[in-house]
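Each chain, written out:
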Amino acid sequence: MNQPFKEFRSLAIDASAGCGKTEMLGVRLVGMLLADPEQLPSIVTMTFTRAAAAEILERLLELLYGAALDEKRLLQLKRQLAAMDGGASRDELTAEMARLLLQKVVGALNELKISTLDSFMAGIVQVFPMELGLPGEVSMLSEAESRSIQEQLLRRLFNDEVDLDSDDDFIELCKEASFGNEDKVIFASCNELVGRTMKFFGRRDEDSVWRHWSRFEPTSAEALEQAWRTCRDFADWPPRYFGGPLEAALLACRRAGRETKFSRETKTVMRAFFRVWDDFLTGGAKPEGFAQKYLYPPELRQAIEALFGHGRDILLYQAGRRTEGMQKLLQRYTRLYRREVLEKGRMAFEDLPRLLTDDGNEWRYDIDYRLNARLKHYLVDEFQDTSREQWQVLQSIIDDVHDGEHSLFLVGDVKQAIYGWRSGDSRLMNEVIAALQLEQDELRRSFRYGPEICRALNLLFGPESIGRSALPPETAERWRRGWKMHEAANPDRAGEFQAILVCEGAANASPVGNYAAVILAKLREIG
């Protein structure tokens with residue numbers, strides 16, 4: 001067995017699109033197997049799609065197969081390994097060694113752990129079901145099955161078909177959960193709520209989080225009436241400026257009680273004032289849309305503070321009632337879901353992080369310890385799309401990545417983050433790098449396009465262009481901090497970039513139709 005070498009160091013790679021990150025993952029796997037073929041079962045490689053996992057496996061097999069049959073490809077793999085190992089010679093890699101490693105990998109495909117992150121977590125659950133409070137056999141639900149089960153369980157709750165030892169009427173809970181937002185059908189509103197919140201509710205069910213918003217101390221009727229009269233009778237306020245939306249909003253707050261449903265127009269006016277609220281009350285700012293020729297002496301500002309402050313307190317009270325109703329609704333649903341789904345050995349992929357990071361399960365730490373002893377090296381592709389819950393699962397297993405026994409290899413590009421809709425957090429990559437003190441490297445030379453496309457990318461998305469974009473300032477600054485200029489690996493590769501203006505078509509034409517027409521015309525021109 002060869003001595004462990006530099007491939008095992010924990011490392012984070014910032015890899016732009018087309019820069020060969022799949023190749024690098026494959027080369028790292030070859031290096032690990034070359035150092036010790038018997039450690040194959042202890043290596044875990046994860047990515048976000050089955051297609052990407054299949055591509056990584058295919059690249060590993062291609063590298064070994066090519067090195068076994070072709071001298072040029074063998075020399076190329078040696079150079080790649082040497083580059084990864086800080087220039088160290090890899091003379092021990094021969095065509096015969098590559099053939100033996102390929103035979104080892106193909107003969108142990110059932111032990112080779114190259115999968116999606118979801119599949120890896122599902123595998124943990126299937127190995128330790130009893131420790132996690134599940135029956136012996138566990139099956140994963142598809143997204144369609146999960147949606148169908150959610151609707152079935154909610155209908156059973158609506159129809160009062162289940163006994164969960166609760167005194168709360170479920171339909172009343174649903175009304176409370178949608179209090180002040182009754183535009184939607186109650187069932188549709190609750191179904192949407194459950195779909196959006198069950199991902200995090202399991203670890204956010206403390207009363208301190210949910211139940212301190214519904215206190216309400218109304219302003220006295222006398223104070224509201226006095227404030228309204230002050231606004232109405234203000235002599236230096238021309239009627240045409242006081243009339244309209246502002247007058248209507250102030251009057252609505254004057255008449256409002258706990259159950260009042262404010263109109264959209266009233267909330268828009270209130271929002272304009274709240275954006276500059278502190279500065280407005282001290283006379284330092286005027287709200288947008290109510291600034292020019294509007295006068296706000298101290299007594300008028302105090303009157304507006306009383307009226308809009310009363311409206312604000314009502315909105316907070318209503319939000320508090322909704323929040324408390326949501327908690328009770330989700331508690332009922334969660335109990336039924338555990339009884340009818342989890343305890344019968346079925347679960348959705350989104351249940352996995354919640355189950356594997358349950359601090360209330362004393363067996364969880366035993367599971368982490370056993371996995372840490374069995375699994376030594378982790379390679380995570382597309383790390384910019386990892387959620388904090390998923391990382392919490394990995395972090396508890398990986399333990400110390402600098403102990404000489406374990407390693408962590410992250411590959412990602414925050415510019416390519418696309419899984420925010422499923423809780424992926426691109427900020428996590430830099431946080432993990434800093435927390436674990438990982439070495440860093442980068443891949444900038446793209447094999448996917450030539451210099452013409454590369455120049456266009458740098459021009460369109462570089463710091464100067466982003467600074468002139470419509471992005472919020474904090475987003476633009478974060479983009480600038482992470483931006484690296486792209487380079488083309490092949491300076492002779494052809495390519496062309498064009499900016500095409502899509503003009504408005506006929507009055508009844510759709511934007512998609514206009515775009516399609518332009519694309520079709522361009523394809524005909526090329527063809």
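In this text, all values refer to a predicted model and were calculated from it rather than measured experimentally. Throughout this document, residue positions are counted from 1 along each chain, in the order its sequence is written. Per-residue local features are limited, in this predicted model, to residues with pLDDT of at least 70; the limit for side-chain atom pairs, both in listing and counting, is 80 or more; totals at the level of whole chains, interfaces and linings are taken over all residues. With hydrogens and water stripped out, all remaining heavy atoms of the structure feed into the side-chain values.

1. A few points about the overall build of the protein chain
Logical step 1: Along the backbone of the protein chain there are 23 helices and ten strands.
Logical step 2: For the protein chain, the residues scored as buried account for 43% of the 527 residues in total.
Logical step 3: Sequence separation of 24 or more characterises 79% of the internal contacts of the protein chain that already satisfy a separation of 6 or more.
Logical step 4: Accessible surface, the protein chain: about 28,600 Å² in total, of which carbon and sulfur atoms supply 51%. A run of DSSP states H or I qualifies as a helix once it reaches four residues; a run of E qualifies as a strand once it reaches two. Both are numbered from the N-terminal end. To sort residues, take the accessible area from a 1.4 Å probe on protein chains only and compare it with the maximum for the residue type: under 20% means buried, over 50% means exposed, and anything in between is partly exposed. Only heavy atoms matter for contacts: two residues are in contact if any of them lie within 4.5 Å across the pair. Per-residue and other accessible areas were derived by the Shrake-Rupley procedure at a 1.4 Å probe size, with only the shown protein chains allowed to occlude residues.

2. Quick look at the pattern of salt bridges
Logical step 1: For this document, the term salt bridge refers to a Lys or Arg side-chain nitrogen within 4 Å of an Asp or Glu carboxyl oxygen. Taken as a whole and assessed by the stated rule, the structure comprises 32 salt bridges.
Logical step 2: Close ionic contact of Asp368 with Arg364 constitutes a salt bridge, the shortest N to O distance being 3.6 Å. Taken together, the residues Asp368 and Arg364, both in helix H17 (residues 363-374) and four residues apart, mark about one turn of the helix. Each member of the pair Asp368 and Arg364 is classed as buried.
Logical step 3: For the salt bridge of Arg388 with Glu431, the shortest nitrogen-to-oxygen distance reads 2.8 Å. Of this pair, Arg388 sits in helix H18 (residues 388-398) while Glu431 is found in helix H19 (residues 427-436), placing the two residues 43 residues apart along the sequence.

3. Comments concerning helix H3 (residues 71-84)
Logical step 1: How far a helix is expected to stretch is found by multiplying one less than its residue total by 1.5 Å. For H3, which comprises 14 residues, the first-to-last C-alpha distance of 20 Å matches the rise-based estimate of 20 Å (1.5 Å per residue) to within 8%.
Logical step 2: Elements in contact with the buried residues of H3: helix H1 (21-35), helix H2 (50-69) and helix H4 (95-107).

4. A word on the environment of Asp313
Logical step 1: Note that Asp313 resides in helix H15 (residues 298-340).
Logical step 2: By relative accessible area, Asp313 is classed as partly exposed at 25%.
Logical step 3: Here the alpha-carbon distance between Asp313 and Glu217, two residues 96 residues apart in the chain, equals 7.9 Å.

5. Re the side chain of Asp14
Logical step 1: Mapped onto the elements, Asp14 comes out in strand E1 (residues 11-15).
Logical step 2: Setting aside residues up to four positions removed in sequence, Asp14 forms contacts with Gly412, Asp413, Asp441, Glu442, Leu443, Arg444 and Lys484.

6. A few points about a nonpolar patch on the surface
Logical step 1: Together, Tyr515, Ile519, Leu523 and Ile526 make up a nonpolar patch on the protein surface, roughly 470 Å² of accessible area in all.
Logical step 2: With respect to the helices and strands, the residue Leu523 is situated in helix H23 (residues 511-526). Nonpolar side chains (Val, Leu, Ile, Met, Phe, Trp, Tyr) are joined into patches within 5 Å and like charges within 9 Å, using only residues with over 30% relative accessible area and no salt bridge.

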